[in-house]
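A structural walkthrough
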Amino acid sequence: MCRWAAWSGAPKYLEEVICDPEHSLIDQSRNALSCKTAVNADGFGVAWYGDRQTPCLYKDVRPAWSDPNLLQIARHIRSGHFLAHVRASTGTATTRDNCHPFTHDRWTFMHNGQIGGYDRVRRQFDNIIPDDLYQARMGGTDSESLFLVALAYGLTQNPRAAMAKAVFEAETMSAQAGCKPHMRFAAGWSDGETLYAARYASDNFAPTLYYREFEDGVMVVSEPLDQARNCWKEVPQGKMIAVRQGSITETAFLNDETLVEA
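Notes on the structure in this doc start here. What you are looking at is a predicted structure, and each value in this text was computed from that prediction instead of being measured. (Residues numbered from 1 in each chain as written. Predicted model: local features only at pLDDT ≥ 70, side-chain atom pairs only at ≥ 80, totals over all residues. Heavy atoms only, no water.)

For the protein chain, the helix and strand inventory stands at 8 helices and 13 strands. Its C-alpha radius of gyration of 17 Å places the protein chain within 12% of the 18 Å reference for a compact globule of 262 residues. Each principal axis of the C-alpha distribution contributes one length, and for the protein chain these read about 45 × 35 × 35 Å. Here the protein chain, with 262 residues, has 54% of them falling under the buried criterion. Pairs at least 24 apart in sequence give 64% of the contacts found in the protein chain among residues at least 6 apart. With the model as given, the accessible surface of the protein chain reaches about 11,200 Å², and the carbon-plus-sulfur share is 44%. Separation of charge centres in the protein chain, based on 26 positive and 32 negative side chains, amounts to 3 Å. (Helix = DSSP H or I, 4+ residues; strand = E, 2+ residues; numbered from the N terminus. Rg over C-alpha atoms; globule rule 2.2 N^0.38 Å. Buried < 20%, exposed > 50% of the residue type's maximum accessible area, 1.4 Å probe, protein only. Contact = heavy atoms within 4.5 Å. Areas by Shrake-Rupley, 256 points an atom, 1.4 Å probe, with all protein chains shown as cover. Lys, Arg positive; Asp, Glu negative; His and termini not counted. Charge placed at Lys NZ, Arg CZ, Asp CG, Glu CD.)

Structure, rendered in structure tokens:
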């Protein structure tokens, strides 16, 4: 599995999430505590929003702790909206194009989890992606497929319903192929104005997801960045949060209502 962190609020140096905390994202890349894989060394990435509508993206296949350019960027870039990820591959190749986050137009997406038996359902699932979006596919991961299918289902118009429908379709195909677990999903996605995050699984083992409110913004993470455990709130399994201008809204993620909306 992977680890990720996102910030929405007042402009903050990337290093305040990626490097500085006691259990920063770089620390989690070699010492994660809340997942099966303690080491997440199959690449990293960070996407941040600035004066332009579309995000800037930096990612590489090296472990996050060994990339001096990441440390320089994190030290000098400030953003009020950014998403960062360290990767532990679930089977696809360790290449730059397979590193998260993934971006398209204004949207950024990153994921911790898997589509069960993706190699057996990949062709069927990818067939949902229309030609104009498939041209934007750079890598071969299930995560990028989920992102592009969600865009096809209207992510811009309804970010919750489109993502829920993409997850539902993938889960259904996995179940029909007899693969387990059908779906594990803890993801963050954003258009640069609202940060969305959801936690879901077809069994009782949804990947961990937390958030913490600060005076100047909200941080959403795979696991807490420090020992102040009482300050971090766990996102319940099956729920989605939306963070906008410091306000947090929690809703059900995948149910009959969201599928009808899609």
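The sheet built from 6 strands is open, its strands ordered 5-6-7-8-12-13 with antiparallel pairing. Only two strands of the sheet have a single neighbouring strand rather than two, namely strand 5 (102–104) and strand 13 (247–252). Between one strand and the next, the sheet's axes are offset by a mean angle of 15°, whatever the strand orientation. Where strand 5 and strand 6 (residues 107–115) come together, 3 bridges link them in antiparallel fashion. In the sheet register, Phe102 faces strand 6, and the bridge partner there is Phe109. Its contacts with the sheet put helix 6 (residues 142–152) on strand 5, strand 6 and strand 7 (183–190), and the angle it makes with strand 6 is roughly 125°. (Pairing = 2+ DSSP bridges. Axes fitted to C-alpha atoms, helices over the stretch in contact; angles between N-to-C directions.)

One pass over the full model with this rule turns up 9 aromatic pairs. With a centroid separation of 6.4 Å and an interplanar angle of 55°, the aromatic rings of Phe185 and Trp189 are classed as tilted. Classification of Phe185 as buried rests on a relative accessible area of 0%. Take Trp189: its relative accessible area is 0%, and that puts it in the buried class. Among the aromatic residues, those joined into a cluster by ring pairs are Trp107, Phe185, Trp189, Tyr196, Tyr200 and Phe253. The side chain of Lys12 reaches across the aromatic face of Trp7, ending 4.3 Å from its centre. Across from the ring centre of Tyr13, 5.2 Å away, lies the NZ or CZ of Arg78, which sits over that ring. (Phe/Tyr/Trp six-rings, centres within 6.5 Å; stacked < 30°, edge-to-face > 60°. Lys NZ or Arg CZ within 6 Å of the ring centre and 35° of its normal.)

Right, let's get into the pairing of strand 12 (residues 239–244). Strand direction decides the pairing type here: strand 8 (residues 195–201) and strand 12, joined by 5 bridges, are antiparallel. In the strand pairing of strand 12, Leu195 is matched with Val243. Across 6 bridges, strand 12 lies against strand 13 in antiparallel orientation. By the bridge assignment for strand 13, Lys239 is matched with Ala252. Here strand 12 hands over to strand 13 after 2 residues, with Gln245 in that stretch at a positive phi of 50°.

This part is about the packing of helix 6 against helix 7 (residues 159–176). Contact geometry of helix 6 with helix 7 gives a least axis separation of 8 Å together with a crossing angle of 125°. Taken together, the axes of helix 6 and helix 7 are oblique relative to one another. Crossing of helix 6 over helix 7 shows right-handed handedness. From helix 6, Leu146, Val149 and Ala150 reach across to helix 7, where they touch Ala162, Met163, Ala166, Val167 and Ala170. Along the lines of polarity and charge, the residues of the contact of helix 6 with helix 7 split into 8 nonpolar, no polar and no charged. (Parallel < 35°, antiparallel > 145°, perpendicular 65-115°, else oblique. Left-handed = near helix turned anticlockwise from the far one by under 90°. Nonpolar A, V, L, I, M, F, W, Y, C, P; charged D, E, K, R; others polar.)

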